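Each chain is listed here by its residues.
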Amino acid sequence: QVQLVESGGGLVQPGESLRLSCAASGIIFSMYNMGWYRQAPGKQRELVATIASDGSTNYADSVKGRFTISRDNAKNTVYLQMNSLMPEDTAVYYCNALRFITMYWGQGTQVTVSS
C-alpha cells in the first residue's frame, strides 16, 4: 500500500530551524511531483512548496527565501528545510504526492514555533 510518512516536526523557538522529511513507499517515487502543504487551526490547507519530477520548485510567497524543498529519489524521500521560523509557521505540515489524476497525502507532522 501507498504510504507517505512525515517526520522532523516539533517545538522550536522563533528564528530556529527544522528539517522535515517525507518517506514514500508503494509508488514509483521519481515519477511523482512532491509537495509540502500546511494547515493551521481555523485556516485552509495551503501550499508551502512543490518539487516536480524534473526538479523544478515552487514556493509560497510567505516562505520564499526561508524554506527549501528538495528530493532524493534514491531514498524515496522529499525534504523541507525550514529556516528563520516564525510563529506564523505553526501548523500541521503534510506531504503530498501527485501524478496525473493520482494524489496521496501523509498523516502530517506538527510544527510549533513559540517562545
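Data block above holds the structure.
In this text the structure is predicted, and so the values were computed from the model without any measurement. Residue indices begin from 1 for each chain and proceed along its sequence in written order. Residues qualify for local features only when their pLDDT is at least 70, as the model is predicted, and side-chain atom pairs are given and counted only at 80 or more; totals for whole chains, interfaces and linings, by contrast, use all residues. Values reported for side chains reflect all heavy atoms of the structure, with hydrogen atoms and water molecules removed beforehand.

### A closer look at the overall build of the protein
Rules: Secondary structure is summarised from DSSP: a helix means a run of H or I of at least four residues, a strand means a run of E of at least two, and numbering begins at the N terminus for each. Here the globule rule reads 2.2 Å times residues to the power 0.38, and the radius of gyration is calculated from C-alpha atoms. The rule is simple: take the accessible area with a 1.4 Å probe, protein chains only, and divide by the maximum for that residue type; under 20% is buried, over 50% is exposed, in between is partly exposed.
Looking only at helices and strands, one finds 0 helices and 11 strands in the protein. Order of helices (α) and strands (β) in the protein, N terminus to C terminus: β-β-β-β-β-β-β-β-β-β-β. Against the compact-globule benchmark of 13 Å for 115 residues, the protein has a radius of gyration of 13 Å, which places it among compact chains. Projected onto its principal axes, the C-alpha positions of the protein cover 40 × 25 × 25 Å. The proportion of buried residues among the 115 residues of the protein is 38%.

### Quick look at the nonpolar core
Note the threshold: Residue types Ala, Val, Leu, Ile, Met, Phe, Trp, Tyr and Cys, when buried and joined through side-chain atoms within 4.5 Å, form a set referred to as a nonpolar core.
Met-34, Trp-36, Val-78, Leu-80, Met-82 and Tyr-93 are the most contacted members of the largest nonpolar core, which has 30 residues in total. Where this core is concerned, the elements lending two or more residues are strand E3 (18-25), strand E4 (33-39), strand E5 (46-51), strand E7 (67-72), strand E8 (77-82), strand E9 (91-99) and strand E11 (109-113).

### Some words on the sheet that holds E3
How we decide: Two strands pair if DSSP finds at least two bridges between them. The axes are straight lines fitted to the C-alpha atoms, using for helices just the contacting stretch, and the angles between their N-to-C directions are given from 0 to 180°.
Reading across from one edge, E1-E3-E8-E7 is the order of the 4 strands in this open sheet, with antiparallel pairing throughout. Unpaired on one side and paired on the other, strand E1 (3-7) and E7 mark the two borders of the sheet. The mean angle between the axes of side-by-side strands here comes to 15°, regardless of whether they run parallel or antiparallel.

### Quick notes on the packing of aromatic side chains
Spelled out, the test is: Only centres within 6.5 Å qualify two rings of Phe, Tyr or Trp (six-membered ring in Trp) as a pair; their planes then separate them into stacked at under 30 degrees, edge-to-face at over 60, and tilted for everything else.
A full pass over the atoms with the stated rule returns 2 aromatic pairs. With centroids separated by 6.3 Å and ring planes inclined at 45°, the aromatic side chains of Tyr-32 and Tyr-104 adopt a geometry described as tilted. With Tyr-32 in the loop between E3 and E4 and Tyr-104 in strand E10 (residues 102-105), the pair connects residues that are 72 residues apart, well separated along the chain. Aromatic pair Tyr-37 and Trp-105: ring centres 5.0 Å apart, planes at 70°, arrangement edge-to-face.

### Notes on the pairing of E5
As defined by bridge partners, E4 adjoins E5 across 5 bridges and the pair is classed as antiparallel. By the bridge assignment for E5, Arg-38 is matched with Glu-46. Between the antiparallel neighbours E4 and E5 lie 6 residues, among them Gly-42 with a positive phi of about 80°. Bridging between E5 and strand E6 (residues 57-59) involves 3 bridges; their strand directions are antiparallel.

### Re the pairing of E11
Alternating positions in E11 separate cleanly, Thr-109, Val-111 and Val-113 being buried on one face and Gln-110 and Thr-112 remaining unburied on the opposite face. Pairing analysis gives 3 bridges linking strand E2 (residues 10-12) to E11, with the strands arranged parallel. When the bridges of E11 are listed, Gly-10 appears paired with Val-111.

### Some thoughts on the environment of Asn-76
By the secondary structure assignment, Asn-76 is in the loop between E7 and E8. Through-space distance from the C-alpha of Asn-76 to that of Ile-27 is 9.0 Å; in sequence the pair is 49 residues apart.

### Some words on the pattern of salt bridges
Selection rule: The salt bridge definition used is simple: a Lys or Arg side-chain nitrogen within 4 Å of an Asp or Glu carboxyl oxygen.
Under the definition given, this model contains 4 salt bridges. Between Asp-89 and Arg-38 there is a salt bridge, with its nearest N and O atoms 2.9 Å apart. Of this pair, Asp-89 sits in the loop between E8 and E9 while Arg-38 sits in strand E4, and the two are 51 residues apart along the sequence. For the pair shown, Asp-89 and Arg-38 are each scored as buried. Among the ionic contacts, a cluster of salt bridges with common partners joins Arg-38, Glu-46, Arg-66 and Asp-89.

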